[in-house]
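# Results of the structural survey
Here are the chains, one letter per residue:
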Amino acid sequence: MILSDLKSYLSKRKRAPIGDLVNRFDAEPDALRGMLDHFIRKGQARRLDSDGGACGGCQKCAPLTVEIYEWTGK
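Residues numbered from 1 in each chain as written. Predicted model: local features only at pLDDT ≥ 70, side-chain atom pairs only at ≥ 80, totals over all residues. Heavy atoms only, no water.

The next point concerns the overall build of the protein chain. Assigned secondary structure in the protein chain consists of four helices and three strands. Its helices and strands in sequence order give the protein chain the pattern α-β-α-α-β-α-β, from N to C terminus. Looking at the 74 residues of the protein chain, the share that counts as buried comes to 28%. Nonlocal contacts in the protein chain, meaning residues at least 24 apart in sequence, comprise 65% of its contacts between residues at least 6 apart. Working note: accessible area of the protein chain is about 4,800 Å², and carbon and sulfur atoms make up 49% of it. (Helix = DSSP H or I, 4+ residues; strand = E, 2+ residues; numbered from the N terminus. Buried < 20%, exposed > 50% of the residue type's maximum accessible area, 1.4 Å probe, protein only. Contact = heavy atoms within 4.5 Å. Areas by Shrake-Rupley, 256 points an atom, 1.4 Å probe, with all protein chains shown as cover.)

This is the structure:
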């Protein structure tokens, strides 16, 4: 996988949990985080805050499902 594949996938979906990206690209979460950090530094993506917002903070959800990235398209 290269950065352009990740960029294309996330820009089409707009939002994706890291678990989805792990399954899609068959990659380790830390490797994907490093690539996503590249887009975050460029202002093209952001990590959404999941501090109990949408899921209520019960901590029953798998961590890979609540770590969500959004393509900002900048």
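After that view, the rundown keeps rolling.
Ordered in space as β1-β3-β2, the three strands form an open sheet in which the pairing is antiparallel. The two strands at the open ends of the sheet, each matched to only one other strand, are β1 (15-17) and β2 (45-47). On average, each strand axis in the sheet is tilted by 20° relative to the strand beside it, whichever way the strands run. Pairing of β1 with strand β3 (residues 68-71) involves three bridges; the strand directions are antiparallel. In the strand pairing of β3, Arg-15 is matched with Glu-70. Helix α1 (residues 3-13) rests against β1, β2 and β3 of the sheet, and its axis sits at about 85° to β3. (Pairing = 2+ DSSP bridges. Axes fitted to C-alpha atoms, helices over the stretch in contact; angles between N-to-C directions.)

As a further point, take the nonpolar core. Membership of the largest hydrophobic core comes to 15 residues, with the highest contact counts inside it found for Leu-6, Leu-10, Ile-18, Leu-21, Phe-25, Leu-32 and Leu-36. Of all the secondary structure elements, the ones that give two or more residues to this core are α1, α2 (18-25), α3 (29-41) and β3. Counting residues per element, this core draws most heavily on α2, which supplies four residues. Setting aside chain neighbours within four positions, we find Leu-36 in contact with Leu-6, Leu-10, Ile-18, Leu-21 and Tyr-69. (Core = buried A, V, L, I, M, F, W, Y, C linked by side-chain atoms within 4.5 Å.)

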